[in-house]
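Structural characterization, general
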Amino acid sequence: MTNGWHGGGDGPGAGAFTPPPRTPSGLFPSGGPIRPSYREPNPVTGGGVAVGAVVTFAWLLLFGLVGRDVPGYAWWTLLAGWLAWVAAAVLVRHGDRGVATGVAIVTAGGWSIAAAIVAVRWAQAGDWPLW
């Protein structure tokens, strides 16, 4: 007797139909990965970021102390930040990206502080202080 299915019998006998095995869709992974996973040869670590941040802070501080007034401080900070970003670009390409991240973060903060000091001086004096 057939029950509407594909010509199979009533039970697991000689005439019973077994469906072909299904290929998984990939939505739910089964087993290990088919391809190898990529591992970063130089992963970004907190220690590397901290080292880059501390060194850049000292770098910007030393360059900022060279300036005798607000315009001098601002120009020296811009120069030091530009040199630090060049070093960070080289580190991203050929060195430790964690250190480069610390350099970039602290440089952006140093430039923000310099911009705020210039803006406050500009607001107080009413004259652009960098020219």
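As shown above, the structure is provided for reference.
A brief look at the structure comes next. Every residue gets a number counted from 1 within its own chain, in the order that chain's sequence is written. Restriction of local features to residues with pLDDT of at least 70 applies here, the model being predicted, together with a cutoff of 80 or more for giving and counting side-chain atom pairs; totals for whole chains, interfaces and linings are based on all residues. As a rule here, side-chain values come from all non-hydrogen atoms in the structure, and water together with hydrogens is ignored.

Concerning the environment of T45
Relative to the assigned elements, T45 resides in the segment before helix 1 (46-66). The classification of residues rests on relative accessible area computed with a 1.4 Å probe and restricted to protein chains. Under 20% of the type maximum is buried, over 50% is exposed, and intermediate values are partly exposed. Look at T45 and you get partly exposed, because its relative accessible area is 41%. Between the C-alpha atoms of T45 and D96, which are 51 residues apart in sequence, the distance is 9.3 Å. Comment: elements are numbered from the N terminus, with helices defined as DSSP H or I runs of at least four residues and strands as E runs of at least two.

A word on the packing of aromatic side chains
Between rings of Phe, Tyr and Trp, where Trp is taken as its six-membered ring, a pair exists when centres lie within 6.5 Å; planes separated by under 30 degrees are stacked, by over 60 edge-to-face, and by other angles tilted. In this structure the tally under the stated criterion is five aromatic pairs. Centroid distance W85 to W111: 5.1 Å. Interplanar angle 45 degrees. Geometry classified as tilted. Here W111 lies in helix 3 (residues 97-125) and W85 lies in helix 2 (residues 70-94), a separation of 26 residues in the sequence. When the centroid spacing of 4.8 Å and the interplanar angle of 80 degrees are considered together, the rings of W122 and W128 count as edge-to-face. We classify W122 as partly exposed; its relative accessible area is 43%. An aromatic cluster of three or more residues is present, and its members are W59, F63 and W76.

Focus on the side chain of T77
Position of T77 among the secondary structure elements: in helix 2. What makes T77 buried here is its relative accessible area of 2%. A contact between two residues is defined here by any heavy atoms of the two lying within 4.5 Å. Residues within four places of T77 in sequence aside, it is in contact with L60, G64, G110, W111 and A114.

Points about the nonpolar core
Put simply, a nonpolar core is a bunch of buried Ala, Val, Leu, Ile, Met, Phe, Trp, Tyr and Cys residues held in one set by side-chain atoms that sit within 4.5 Å of each other. Listed in full, the five residues of the largest apolar core are A84, A88, V99, A100 and V103. The leading source of residues in this core is helix 3, at three residues. When neighbours within four sequence positions are excluded, A88 is seen to be in contact with A100 and V103.

Describing a nonpolar patch on the surface
Each patch is built from residues lacking any salt bridge and having more than 30% relative accessible area; the joining distance is 9 Å for like charges and 5 Å for nonpolar side chains (Val, Leu, Ile, Met, Phe, Trp, Tyr). Residue-level accessible areas treat just the shown protein chains as cover; the underlying method is Shrake-Rupley with a 1.4 Å probe. Each salt bridge in this description consists of a side-chain nitrogen of Lys or Arg and a carboxyl oxygen of Asp or Glu lying within 4 Å of one another. Nonpolar side chains collect at one region of the surface, where W59, V66, W76, L79, W82, L83, V86 and V90 lie side by side and expose about 710 Å² of accessible area between them. Sorting the residues of the nonpolar patch by element identifies helix 1 and helix 2 as the ones contributing at least two each. Among the structural elements, V86 can be located in helix 2.

Focus: helix 2
Between its terminal C-alpha atoms helix 2 stretches 36 Å, which fits the 36 Å expected from 25 residues at 1.5 Å a residue. Looking at helix 2, one finds that the buried residues are V70, P71, G72, A74, T77, A80, G81, A84 and A88. For helix 2, the elements touching its buried residues are helix 1 and helix 3. For this analysis, a polar contact is any N or O atom pair within 3.5 Å, provided that within protein one partner can donate a hydrogen and the other can accept it, and provided that sequence-adjacent residues contribute only side-chain to side-chain pairs. Two to three positions downstream of the cap, the backbone nitrogen of G72 sits 3.1 Å from a side-chain oxygen, assigning the N-cap of helix 2 to D69. By this rule, a helix spans an expected 1.5 Å times one less than how many residues it contains.

Read these as spatial facts, not as claims about activity.
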